[in-house]
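Structural overview
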Amino acid sequence: MAETPTLSVTLLGAGQEVGRSCCVLQYRGRTIVCDAGVHPAYSGMASLPFIDELDWSTVDAILITHFHLDHAAALTYITEKTNFKDGKGKVYMTHPTKAVHKFMMQDYVRMGSSSSDALFSPLDMTMSLASIIPVSAHQLITVCPGVSFTPYHAGHVLGACMYLIDIAGLKILYTGDYSREEDRHLVKAELPPVRPDVLIVESTYGVQSLEGREEKEQRFTSLVHAIIKRGGHVLLPTFALGRAQELLLVLDEYWKAHPDLHNVPIYYASSLARKCMAVYQTYIHTMNSNIRTRFAKRDNPFVFKYISHVPQTRGWEKKIAEGPPCVVLASPGFMQVGPSRELFEYWAPDSRNGLIITGYSIEGTLARDIMNEPEDFVGLKGNTIPRKISVDYISFSAHVDYSQNSEFIEAVKAQHVVLVHGEQNAMARLRGAMASRYKERDEDVKIHTPRNLETLNLSFRGERVAKAIGTLADKPPQSNDVLSGLLVAKDYSYTLLDPRDLRDFAGLSTCTMTQRQKIVLGVRWDLVRWHLEGMFGSVEEGLDKDGVPTMRVMGAVDVKQTHDHELTLEWESSASNDMIADSTLALITGIDKSPASVKLTTQSHSHSHSHVHPHADVEDASPFLRIQRLVMFLETHFGKVELHMPDAADEDDHEQGEESHDPWLIVRLDEADAQINLLTLEVTSSNEPLRKRVEAVLDMAITTVSSLAESFTTGIPGEEELPEKAKLLMAAGAEEVHGDEESRVSAKPEGGENNNGDDDSDDSDDGGLLQVHN
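Residues numbered from 1 in each chain as written. Predicted model: local features only at pLDDT ≥ 70, side-chain atom pairs only at ≥ 80, totals over all residues. Heavy atoms only, no water.

Each helix and strand counted, the protein has 23 helices and 39 strands in total. Evaluated residue by residue, the protein yields a buried proportion of 49% over its 774 residues. For the protein, the accessible surface area stands at approximately 38,100 Å², while carbon and sulfur atoms represent 48% of it. (Helix = DSSP H or I, 4+ residues; strand = E, 2+ residues; numbered from the N terminus. Buried < 20%, exposed > 50% of the residue type's maximum accessible area, 1.4 Å probe, protein only. Areas by Shrake-Rupley, 256 points an atom, 1.4 Å probe, with all protein chains shown as cover.)

The next subject is the sheet that holds strand E20 (residues 390-393). Taken together, six strands build an open sheet; the order of strands is E15-E14-E16-E13-E17-E20 and the sheet is parallel. Of all strands in the sheet, those with a lone pairing partner are strand E15 (307-309) and E20, marking the two edges. Geometrically, the sheet is characterised by an average inter-axis angle of 25° between neighbouring strands, direction not taken into account. One ladder, built from four bridges, connects strand E13 (residues 234-237) with strand E16 (residues 327-330); its direction is parallel. Along E16, the bridge assignment pairs valine 234 with valine 327. Packed onto the sheet, helix H6 (residues 243-257) meets E13, strand E14 (266-269), E15 and E16 and runs at close to 165° relative to E16. (Pairing = 2+ DSSP bridges. Axes fitted to C-alpha atoms, helices over the stretch in contact; angles between N-to-C directions. Contact = heavy atoms within 4.5 Å.)

Looking now at the pattern of salt bridges. Applying the stated criterion across every chain yields a total of 30 salt bridges. In this structure, glutamate 423 engages arginine 368 in a salt bridge whose closest nitrogen and oxygen atoms are separated by 2.8 Å. Note that glutamate 423 is positioned in the loop between strand E21 (416-420) and helix H13 (424-440) and arginine 368 in helix H11 (residues 366-370), a separation of 55 residues in sequence. You can call glutamate 423 buried: its relative accessible area is 18%. Between glutamate 410 and arginine 441 there is a salt bridge, and its shortest N-O distance comes to 3.0 Å. You can see glutamate 410 sitting in helix H12 (residues 402-412) and its partner arginine 441 sitting in the loop between H13 and strand E22 (446-448), a full 31 residues away along the chain. The class of arginine 441 is partly exposed, set by a relative accessible area of 39%. Among the charged side chains, a network of salt bridges with common partners joins Arg184, Arg213, Glu217 and Glu253. (Salt bridge = Lys/Arg side-chain N within 4 Å of Asp/Glu carboxyl O.)

Our next topic: unusual backbone geometry. Cis geometry is adopted by the peptide bond preceding proline 332, which originates at serine 331 and carries an omega value of 0°. Relative to the helices and strands, proline 332 is located in the loop between E16 and helix H10 (339-347). Of note in the backbone geometry, methionine 554 takes a positive phi value of approximately 55° without being a glycine. The residue aspartate 670 is not glycine, and still its phi comes out positive at about 55°. Of note, aspartate 670 is situated in the loop between strand E34 (664-669) and strand E35 (672-677).

This brings us to the pairing of E14. In E14, alternate side chains face the same way, and those of Ile266 and Tyr268 on one face and Tyr267 and Ala269 on the other are all buried. The sheet contact formed by E14 and E16 spans four bridges and is parallel. The residue of E16 that forms the bridge with isoleucine 266 is valine 327. Taken together, the three bridges between E14 and E15 define a ladder with parallel strand orientation. Each bridged residue has a counterpart across the sheet, and for isoleucine 266 the counterpart in E15 is isoleucine 307.

Further remarks concern the pairing of strand E32 (residues 566-572). Judged by how many residues are buried, E32 sits mostly within the fold: six of seven residues are covered. Both strand E28 (residues 514-520) and E32 contribute to a ladder of seven bridges, which runs antiparallel. Across the sheet, residue lysine 518 finds its bridge partner in E32, namely threonine 568. Note: strand E31 (residues 557-563) against E32, five bridges, orientation antiparallel. Note that in E32 the partner of histidine 563 across the bridge is glutamate 566. Hairpin connection from E31 to E32: two residues lie between these consecutive antiparallel strands, with histidine 565 at a positive phi of about 60°.

Our next topic: the packing of aromatic side chains. One pass over the full model with this rule turns up seven aromatic pairs. Look at tyrosine 92 and phenylalanine 149: their rings are 5.0 Å apart centre to centre, the planes differ by 70°, and that puts the pair in the edge-to-face class. Highlighted residues: tyrosine 92 in strand E6 (residues 90-94) and phenylalanine 149 in strand E9 (residues 147-153), separated in sequence by 57 residues. For tyrosine 92, a relative accessible area of 3% puts it in the buried group. (Phe/Tyr/Trp six-rings, centres within 6.5 Å; stacked < 30°, edge-to-face > 60°.)

Note that valine 234 resides in strand E13. The class of valine 234 is buried, set by a relative accessible area of 0%. When the C-alpha positions of valine 234 and leucine 329 are compared, they lie 8.5 Å apart, and in sequence the two are 95 residues distant. Setting aside its immediate chain neighbours within four residues, valine 234 contacts Val224, Ile227, Ile228, Cys326, Val327, Val328, Trp347, Gly354 and Ile356.

Residues Leu199, Phe220, Trp255, Phe302, Val327, Leu329 and Ile356 are the most contacted members of the largest nonpolar core, which totals 68 residues. The greatest single-element share of this core, amounting to eight residues, is contributed by H6. Among residues more than four places away in sequence, those in contact with leucine 199 are Leu173, Thr175, Phe408, Ile409, Val412, Ala414, His416, Val417 and Val418. (Core = buried A, V, L, I, M, F, W, Y, C linked by side-chain atoms within 4.5 Å.)

Turning next to the confidence of the model for the protein. Averaged over all residues, the pLDDT of the protein is 82; the fraction at 70 or higher stands at 83%. Averaged pLDDT values over the elements of the protein bottom out at 38 in strand E38 (residues 769-770) and peak at 98 in strand E5 (residues 61-63). Low confidence marks residues 654-659, where pLDDT is under 50. Its contacts with residues over four positions away, or in another chain, come to two contacts. The low-confidence segment residues 715-774, where pLDDT is below 50, has 109 contacts with residues more than four positions distant or belonging to other chains. (pLDDT = per-residue confidence, 0-100.)

Rendered as structure tokens:
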């Protein structure tokens, strides 16, 4: 059952840009949104994704990968200011992400409440937080029928995850921001065990390669030490959470190893980070083995000896700026506003001071502009400030570089790769590099770089797979085995069940529907039987439980003589039984108009026996008749056919366990011959073309000489079931032939008796006779 459904991928943000991540997935009537962030370079409505392009009431789930503002800050606006609440959509994020997201949003609302373009109120934020469902890594979550997802560790920051999404059997891996390098406190991103059809992956650094952790830590601490030695202040603009904790661990360890720095203070200028430190200590179990081991030894790595928070007094920035050399980690990382911006404006004119950019800086922010080392810049008050402070860039950003990203993309082995969260040029270079690698290996992998609002339609040619469970799964099937059962479809998955297992595995039950059809017919009961035997070969006749005369047709349909001139057809409804009932009904309703009926009922008889239809299965003569008909069929195709029977000595050998010697037919054609075992109907021959030809003719012969009733109740099986077919057709006749070694089996059509009752056969002429050889 092949089909070509289409997955639609629409980026409402982070399409050929970094910021306001928001990816919409639509497939088979389901809609999933991954991330809902704001753009740090803009404010107010301009910072939001293009939310007007989606009917949010149709969204089944919003999945947030981590707590950074460019991935989660627009969530409150969507849940409280759009028609999302009119639908049945749910919001999911990991437990650590929800805990930190609460503090991040409180700080975001506080920072924006003073401006006129605030997006939402504190009450909106509180209502939004209440609707978030926390999940754990590796937990399989079913959102709605046909939609499920599993979170996997993504590194990057505490609680960050990538989502493996399953929509009606289509698997999509959305990475969000991720890191494949284990740092001082986080595990590296996992490689999901399931191969997805589509990979949606970040491309922040394009084809850029970053230095290793040990090298950049050494360069970082040496640079900080050098700035302190020259009497300057060190400014480290960082976000309150994420890379800041990594830098604090590095600095605290370095200060511990250098006593000459013990009198140099390290300040962490973030009340938000102080609040969230309890969250970090709560979720130690989600961090790497180094942190867990230290914590198990009652050595809390997040209780820092040489790091302190800044005094919570008005004007502390100026006091620290005019004080002795120190190191300050201040948020935000992009230096648009806040403590990091104020300290930078204080320290920029002094060449002794140093600015170290430690993370990725988005285009349009001050941090990105300062990396170009301009001679001056415009302050928050509109004044021009000279820049003499040294500027260095050491990336502690927990994003993958080219080597890590390309290795991960190749390991995932998705059919389609969609690049997001990257600037246009960086994304284009990454696409070209990956396409070149795949071309060298002759692999057909499609790489896409959609822009914002550009819908990417991906078609998939898949097959529906049904899982056999219950009784059907007790015995592993072999090659070419045929399994039959009930196909149960639920939530785009398919299960094959034995009807007896339906209640246990599907919560359903089966019932049997009996159908009855009454017919008024003015003919005798024996005439009905005559016609039924002529059509179906044989019928079973007797009385039902109520003593009503009944004939059973093909073991499926009962024909009952319920009253004089009234017949009732009764059968258990099924596709095959309904067809038999239709043909039986059509036959019976035409009996009184049949010329054969008229001829049969108008002739006078002096004897009392009933007439037998020439096409009926005659019980007493059927074994020999079948062999006669079979031989006739074979002789029509191959000429003379011989019958060979085992002698008494052969039978004794057989009883002693030696090779069986069953009766067989010999077909000769030119110089080759083929043997047909009469008990198994197996064909053997040294001439392969002849063997195949005899098998084909034998199958046609058996199908021809078997009646409809025999075909239906026993089946006319395929070649693999020939022994059963042989038992049906040949066993009784072969036994009778075996019992009389001198017997001859006439190959003439039945009706060999002439009108005088004389035998038509002529012993002197064996034409039309089957010779028996011992």
